[in-house]
Amino acid sequence: MIHQFDTVIVGSGGAGLYAALEASQRSKTAVLSKLYPIRSHTGAAQGGISAALGNVEEDKPEWHAFDTVKGGDYLVDQQAAAILAEEAVQAVYDLENRGLPFNRTPEGRIDQRRFGGHTRNFGEGPVRRACYAADRTGHMILQTLYQQCIKNAVTFFDEFQVVDLILDGSTAQGVVAVELATGDLHVFAAKAVLFATGGFGRIFRITSNAYANTGDGPAVCARRGIPLEDMEFFQFHPTGIMGLGILISEAVRGEGGILRNRDGERFMQRYSPTLLDLAPRDIVARSILTEVRAGQGIRGDRRIDDYVHLDATHLGKETLGSKLPDITGFCKTYLGIDPADAPIPVLPTAHYAMGGIPTDVQGRVIMDGAGTIVNGLYAAGECACVSVHGANRLGTNSLLDLVVFGRRAGRHIGDYVRQADMPRPGTAAADEARAFIGRLTDGASGPHGGHITDDMQTTMMENVGIYRNATDMQAAVDRIQELRQRYRSVRVQDTGRPFNTDLLEIIELGNLLDLSLVTAASALNRRESRGAHSREDFPERDDDNWLTHTLAYLKDDSVRLDDKAVDTSVWEPKPRTY
Ligand SMILES: Cc1cc2nc3c(=O)[nH]c(=O)nc-3n(C[C@H](O)[C@H](O)[C@H](O)COP(=O)(O)OP(=O)(O)OC[C@H]3O[C@@H](n4cnc5c(N)ncnc54)[C@H](O)[C@@H]3O)c2cc1C
């Protein structure tokens, strides 16, 4: 079946919906989503969205931009960070005007809380910059934007899973998608395609990410020759529930929560004397692991699954109930404890992809270090790399990224589609996808993908985690290559067509394997430590050789690595202390 739209947006999280809202003002717009829109991972975002409103204390966009650059260990493109911080203020007011119910100060202004790495006056101390709706900020953003999209007559194709991008030379022509309800393949011809498929934390065993976060957009693009940028930078959030990885938002520390080791010591005093528990995430995650390795975890056995305590008991039932109600609920459900009475056992959990599909500040996908544009192809949100997060994202800057760059991309698309011709890809565009799915479901016997998934996630967790070294990363590359070979003989056990989740999961596994390979290869290549990429064999940052973005091209079984200049036009890189 062939459909025609000016604009096709893949993904209905915050980035996709904001882009759809803008693009639909001036073009016939469809949103394809493998999930029902409000089940997107944006809805799980808890803590907040940052903007230098200065509502509760003095603040400036310039300070916000600087914190973003320093937080990203100077791998951030600085003009992009300036746009992020400057447009943040209006973006938050726009969300408010569209109906988002932010928490308020007693005077009726949008309230703001502290978050890691956000500081007053270029690093003097923590500043209250995160706007929030209790600990359900992402949920509120998603609801608000979805309602606005319905009002603006955006056409939704819910439960359509995109499996391929149609490219003619360097021009996007549309996408190929499987309709979950029927198993039918659909071709969507479009003048502009935007990927907003979110993150891919599912390459790791312990993650805060939902099952659907399988990086389909970046994987599809990579197989069509588009490079992926800075894939070695994957953020581990310091506070996942021990053993499960379910996120305990940084908002707990923003409201005053304290990390403690087995002696009850506030150990962050030793690692970050100024910002303490509100240091950026890479630093806090490493500090926790260092404590655990030194036998200072709660069990004290030095095993990497030992944990520390997040102490929120002094915040009181009232603050926990009014500002952190969902988190209080998670602790009761998953741990059987009330955080008002007992500390929360936590360990770092794989959380956020700083890398992804490279774009310029209009959301246009670029295909090389010179910035060559792919006509009509856009990306926004976690699957994209602008790059405003560099080597380590600050908390609350992702929701902001979705809104600011989702909107910019949507606006640019509105202009672009007016002068672009409607492509006519034809049904043959789906032949490759049809052949691939046919092979998976041909009834031949073959292994099921489940063991491959487990093996991949354990390999990535153990060898490409918080602390890395060449031996482990090389082992990961080799293992993932083997798993990709084994994947070729995988067969779907369920050969039915309607809601064949078995088939769709196997397609997702193929995407995760490709992204694991690119992540491990990019990490092995970067011989320095910067932000979330921390190497035991190269412990220092090395600006002389490595102050550069990575571009990784996946071609069959190999990854070719190239680089791309970092924009350091505003602030000169300095040592990063907090
Ligand atoms: C638990 C948690 C808490 C967080 N808290 C915060 C916070 O407080 N503040 C903050 O700034 N950031 C936070 N983050 C990060 C932030 O929420 C995410 O980075 C962001 O929401 C990603 O949004 P997105 O629009 O890029 O993608 P998502 O919201 O993940 O949406 C992806 C969309 O793509 C669709 N999709 C994917 N693949 C396909 C396909 N093949 N075909 C069709 N559709 C597809 C999905 O259906 C979905 O609609 C948090 C993240 C997590 C996991």
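Predicted model, so just to flag it, every value in this text is computed and none were measured. (Residues numbered from 1 in each chain as written. Predicted model: local features only at pLDDT ≥ 70, side-chain atom pairs only at ≥ 80, totals over all residues. Heavy atoms only, no water.)

1. Focus on the layout of surface pockets
Using the following cut-off: Grid spacing is 1 Å over the protein atoms alone, the probe is 1.4 Å, and a cavity is where that probe fits but cannot get out, while a pocket is an open set with protein on both sides within 12 Å along at least five of seven lines and lining residues have an atom within 4 Å of a point. Grid points are joined across faces, edges and corners, and a volume is the space filled by probe spheres set on the points. Note on conventions: DSSP H or I runs of at least 4 residues are helices, E runs of at least 2 residues are strands, and numbering of each starts at the N terminus. Under the convention adopted here, Pro, Cys and the residues Ala, Val, Leu, Ile, Met, Phe, Trp and Tyr are nonpolar, Asp, Glu, Lys and Arg are charged, and Gly plus all remaining residues are polar.
Space inside the second largest pocket adds up to approximately 840 Å³. Lining the second largest pocket are 26 residues; nearest its centre among them are R223, F436, R439, Y487 and D514. Going through the elements one at a time, β7 (160-168), α5 (216-223), α12 (431-440), α14 (470-487), α15 (501-525) and β21 (548-555) are the ones with two or more residues in the lining of the second largest pocket. Ranked by the residues each element gives to the lining of the second largest pocket, the list is headed by α12, at 6 residues. Partitioning the lining of the second largest pocket into residue classes produces 11 nonpolar, 3 polar and 12 charged.

2. Here we look at the pairing of strand β8 (residues 171-179)
Under the convention used in this document: Buried residues are those whose accessible area, probed at 1.4 Å on protein chains only, stays under 20% of the maximum for their type, while exposed residues exceed 50% and partly exposed ones sit between those limits. Following DSSP output, two strands are said to pair if at least two bridges run between them.
Burial analysis of β8 places 8 of its 9 residues in the buried class, which makes it a mostly covered element. Across 8 bridges, β7 lies against β8 in antiparallel orientation. Note on β8: the bridge partner recorded for L167 is A172. Hairpin connection, β7 to β8: the antiparallel pair is bridged by 2 residues, and G169 has positive phi, about 60°. By the bridge criterion, 5 bridges tie β8 to strand β9 (residues 185-195) in an arrangement that is antiparallel. From the neighbouring strand, V175 faces β9, where its bridge partner is F188.

3. A closer look at the domain arrangement of the protein
Cut-off, in case you're wondering: Delimitation of the domains relies on an automatic or database domain assignment. In this description, contact between two residues means that some pair of their heavy atoms is separated by no more than 4.5 Å. Joining two parts hides part of their accessible area as seen by a 1.4 Å probe, and the buried area is that hidden amount summed over both. The salt bridge criterion pairs a side-chain nitrogen of Lys or Arg with a carboxyl oxygen of Asp or Glu, the two atoms within 4 Å. Here a polar contact is recorded for every N or O atom pair within 3.5 Å, except that within protein the pair must consist of a potential hydrogen donor and a potential acceptor, and residues adjacent in sequence are included only if both atoms are side-chain atoms.
On domain assignment, one finds that the protein holds domain 1 (1-233 + 354-577) and domain 2 (239-348). Taking only C-alpha atoms, the centre of domain 1 and the centre of domain 2 are 27 Å apart. Taken together, the contact pairs 31 residues of domain 1 with 31 residues of domain 2. For the pair domain 1 and domain 2, the summed buried area comes to about 2500 Å², and 54% of that belongs to carbon and sulfur atoms. By the criterion of area lost to domain 2, the three top residues of domain 1 are Q46, D135 and Y467, representing 23% of everything that side buries. Connecting domain 1 to domain 2 are 4 salt bridges. D326 is the partner of R136 in a salt bridge, and the nearest nitrogen-oxygen pair spans 2.9 Å. Inspection of the region where domain 1 meets domain 2 yields 14 residue pairs in polar contact (both at pLDDT 80 or more). Put simply, the parts of the chain that give the side of domain 1 that touches domain 2 at least two residues each are β4 (112-120) and β5 (125-131). It is β4 that provides the largest number of residues to the side of domain 1 that touches domain 2, a total of 6 residues. Residues that form the side of domain 1 that touches domain 2 fall into these classes: 9 nonpolar, 13 polar and 9 charged.

4. Quick notes on the pattern of salt bridges
With the rule as written, the count across this model stands at 52 salt bridges. Of the charged contacts in the structure, one is a salt bridge between R293 and E536, with a shortest N-O distance of 3.3 Å. Of this pair, R293 sits in helix α8 (residues 281-293) while E536 is found in the loop between β20 (534-535) and α16 (543-546), placing the two residues 243 residues apart along the sequence. Looking at E536, the relative accessible area reads 38%, which means it is partly exposed.

5. Let's talk about the sheet that holds strand β14 (residues 344-353)
Note the threshold: Each axis is a line fitted through C-alpha atoms, and for a helix only the stretch in contact is used; angles between axes span 0 to 180 degrees, taken between their N-to-C directions.
Spatial strand order, β11-β14-β13-β12: 4 strands in an open sheet with antiparallel pairing. Each of the sheet's edge strands pairs with one partner strand only, and the pair in question is β11 (234-241) and β12 (258-260). Across the sheet, the mean angle from the axis of one strand to that of its neighbour is 45°, orientation sign disregarded. Two strands pair when backbone bridges link them, and β11 and β14 are joined in this way by 6 bridges, in the antiparallel orientation. Across the sheet, residue F236 finds its bridge partner in β14, namely A350. Helix-sheet contacts for α8 involve β11, β12, β13 (308-311) and β14, and the interaxial angle to β11 is about 60°.

6. Some details on the site of the ligand
Using the following cut-off: Near is defined per residue: the residue qualifies when any heavy atom it owns lies within 4 Å of the molecule or strand. Accessible surface area values rest on a Shrake-Rupley calculation with a 1.4 Å probe, where residue burial reflects the displayed protein chains alone.
Of all residues adjacent to the ligand, which total 38 residues, the nearest are S40, H41, T42, G47 and E382. At 2.5 Å, a side-chain N or O of T42 approaches an oxygen atom of the ligand. Between the ligand and the protein, one listed contact pairs an oxygen atom with a backbone N or O atom of L399 at 2.7 Å. Relative to its free-state accessible area of 1000 Å², the ligand is covered by the protein chains to the extent of 97%. Looking at which element gives the most residues to the shell around the ligand, the answer is helix α11 (residues 397-419), with 4 residues. Along the lines of polarity and charge, the residues of the shell around the ligand split into 13 nonpolar, 21 polar and 4 charged.

7. Brief notes about the sheet that holds strand β3 (residues 49-50)
Backbone-to-backbone hydrogen bonds join strands into a sheet, with any given pair of strands oriented parallel or antiparallel. Taking strand neighbours across the sheet as the criterion, the 3 strands line up as β3-β5-β4 in an open arrangement whose pairing is antiparallel. Each edge of the open sheet carries a strand with a single partner, namely β3 and β4. Strand direction decides the pairing type here: β4 and β5, joined by 5 bridges, are antiparallel. When the sheet's bridge partners are listed, R114 is paired in β5 with R128.

8. Points about the UniProt feature "binding site: substrate" (unreviewed entry) in the protein
We count it as follows: UniProt positions are given in the numbering used here, feature names are shortened, and annotations may be inferred rather than shown by experiment.
UniProt's feature table lists "binding site: substrate" (unreviewed entry) at H237, S249, H351 and R393, given in the numbering used throughout. In sequence the annotated residues extend across 157 residues, while in space they remain close, none of their C-alpha pairs exceeding 14.4 Å. Of note, H237 is situated in strand β11. Here H237 falls in the buried class, since its relative accessible area comes to 0%. The residues contacting H237, other than those within four sequence positions of it, are L247, I248, S249, E250, R253, R281, L347, P348, T349 and H351. In terms of polar contacts, H237 uses its side chain to reach the backbone amide nitrogen of T239, at 3.1 Å. Leaving out residues up to four positions away in the same chain, S249 has contacts with Q46, G47, F115, H237 and I327.

9. Regarding empty space enclosed by the protein
Applying the stated criterion across every chain yields a total of 2 cavities of 30 Å³ or more. Its boundaries defined by the atoms lining it, the largest cavity holds a volume of some 60 Å³. Along the walls of the largest cavity sit F234, Q235, F236, D282, A285, R286, I466, A532 and S534, which together make up its complete lining. Split by residue class, the lining of the largest cavity holds 5 nonpolar, 2 polar and 2 charged. The two domains that each donate at least three residues to the lining of the largest cavity are domain 1 (1-233 + 354-577) and domain 2 (239-348). Approximately 30 Å³ is the volume found for the second largest cavity. Contributing to the lining of the second largest cavity are M354, A384, C385, V386, S387, V388, H389 and D401.

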